[in-house]
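# Tertiary structure, described
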Amino acid sequence: MSDHVVLHVKGRVLVGPEEVRDELWAVDGRITYERPPGAVFDAVTVTGWALPGLVDAHCHVGLDRHGPVDDETSEKQALQDREAGTLLVRDAGSPSDTRWIDDRDDLPKIIRAGRHIARTRRYIRNYAHEIEPGDLVAYVAREARRGDGWVKLVGDWIDREVGDLSPCWPRGEVEAAIAEAHRLGARVTAHCFAEDSLRDLVEAGIDCVEHATGLTEDTIPLFAERGVAIVPTLVNIATFPHLADGGEAKFPVWSAHMRRLHARRYDTVRAAYDAGIPVFVGTDAGGSMAHGLVAAEVAELVKAGIPPVEALSATAWGARTWLGRPVLEEGAPADLVVYEQDPRADVRALASPSRIVLNGRIVG
C-alpha cells in the first residue's frame, strides 16, 4: 500500500440520516467500505461523526459587493467555504471565470449557473447581463452552455418608477426562456424577494426559487404541486431591516415591503416545508455576505421550525442528491467533514468541524 494515499475514518459514518456505519476507507481519493490490504499499517486515521461534505446551494465565488474579483480573492472565498465544511457549492451567478478552481483538488467543487441575467438597470451594478425581454431566450441559451446545468435569472427587483419590487420579465418571454434552458439540459432558478413574480415563474416551469420570501398561502400549494425547490438564504434575509433603513427616504413603499417580508420569514419557510416544498441550504455568500456561513444557515432553518435532521439533510444528503452529486457511497469522491459530536442531535456542531477531508486528503 505504500504507493497509495489511504485514509481511515472510524467512529460513526453518517451514510444517510439513519444509515450509520462504523468506518470507511479512502484510497486514492475514493471511498470504500472494504478494508484495503495492508491499510492497517499505512492509513492515517481520523475519528468522529462523519458527514458528506456540506453543500452551500446559493453561493457566489468570484463576486464581491462591487462585482467580479481577481483569482486571489476567489481563492480566499473558496477557502473560507472549505474551512466551514462546505465542499460543494452551487454558484448562483458570478461574472468571474472560476473554471481554474476545477483543477485544484484542495478547493470545493463548484456547480455554476453562469452569470446572472437581469433586466436593464434592475439589479446590482456589475453583477449581471442587463438585457431587455426580447433578448432573454438568447442569453439563457448562452448561460446554459457556459454553466454546469443551471441558469440564474433575476425574477424581481426594485422598479424605481413604481417605488417597490416588481417582476422583471413578461410571462411569454419567461416561458420561452425556461423551455430553451430545459432543451439544453439546464435547470433554471431565479432571485425573487416579492410575491408578484412567483406564479408566472412556476407555471412557466422554473426549477427553483432563491430567497422566496414572497411565498403566500396562494403560491405555496403551486410550488408543492410542481416540486419547485426553494433556497431561503435566511442569513441574508436577516439584513432586510438594514436595507430598508437605507432606502426609507427615497423608497418608503419598498422599505415597508422589505420589513414585512423579513418579519414573516420564519413563518414563510415553515409553511413551505410543511407543504412539502423542497428546502435547501444557501447563504448568498459573495456580494455583501461573508463566506463560510453554512452552519449559521442550518441553525436558521431549525429556528424557522424545520426538524434538525431535515435541516441537516438540506446541506448534506438531500442537497447532494438534488444536485446530482454522490454522498458517502462506495466509489464516490472522499469529500467529508468530521465532527466530535453528532450533528443530528445538535446542528450547532456544524460550526466546529474537527477534520475536513477533500478528495481523500485532510485539508483542515
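Let me begin by describing the structure that accompanies this report. (Residues numbered from 1 in each chain as written. Predicted model: local features only at pLDDT ≥ 70, side-chain atom pairs only at ≥ 80, totals over all residues. Heavy atoms only, no water.)

This next bit is on the side chain of Ser 313. Take Ser 313: it is sitting in helix H12 (residues 308-313). If we skip the residues at most four places from it in the chain, Ser 313 touches Gly 318 and Ala 319. (Helix = DSSP H or I, 4+ residues; strand = E, 2+ residues; numbered from the N terminus. Contact = heavy atoms within 4.5 Å.)

Time to look at the environment of Ala 295. Checked against the element boundaries, Ala 295 lands in helix H11 (residues 294-303). Judged by relative accessible area, Ala 295 falls into the buried class, the value being 15%. The spacing of Ala 295 and Pro 232 is 63 residues in sequence and 14 Å in space, taken between C-alpha atoms. Among all residues touching Ala 295, those that are not within four sequence positions of it are Leu 350 and Ala 351. (Buried < 20%, exposed > 50% of the residue type's maximum accessible area, 1.4 Å probe, protein only.)

In this section: the packing of helix H3 (residues 136-146) against helix H4 (residues 171-183). Relative to each other, H3 and H4 sit at 25°, their axes nearing to 9 Å. On the basis of the axis angle, H3 is roughly parallel to H4. When the axes of H3 and H4 are compared, the crossing they make is right-handed. Two secondary-structure elements touch here, H3 through Leu 136, Val 137, Val 140, Ala 141 and Arg 145 and H4 through Glu 173, Val 174, Ala 176, Ala 177, Glu 180, Ala 181 and Arg 183. Of the residues belonging to the contact of H3 with H4, the class tally is eight nonpolar, no polar and four charged. (Axes fitted to C-alpha atoms, helices over the stretch in contact; angles between N-to-C directions. Parallel < 35°, antiparallel > 145°, perpendicular 65-115°, else oblique. Left-handed = near helix turned anticlockwise from the far one by under 90°. Nonpolar A, V, L, I, M, F, W, Y, C, P; charged D, E, K, R; others polar.)

Applying the stated criterion across every chain, the model contains six aromatic pairs. Summarising the aromatic geometry, the rings of Tyr 123 and Trp 157 are spaced 4.8 Å apart at their centres and angled 75° between planes, so their arrangement reads as edge-to-face. Remark: Trp 157 occurs in strand E12 (residues 156-159) and Tyr 123 occurs in the loop between strand E9 (117-119) and strand E10 (129-131); sequence separation between them is 34 residues. For Tyr 123, a relative accessible area of 12% puts it in the buried group. Taking 4.8 Å as the distance between ring centres and 75° as the angle between the ring planes, the aromatic pair formed by Phe 193 and Phe 240 counts as edge-to-face. Placement of Phe 193 in the loop between strand E14 (187-192) and helix H5 (198-203) and of Phe 240 in helix H8 (residues 240-247) is noted, with a sequence separation of 47 residues between them. Aromatic rings pair up to connect Tyr 123, Tyr 127, Trp 157, Phe 193 and Phe 240 into one cluster. (Phe/Tyr/Trp six-rings, centres within 6.5 Å; stacked < 30°, edge-to-face > 60°.)

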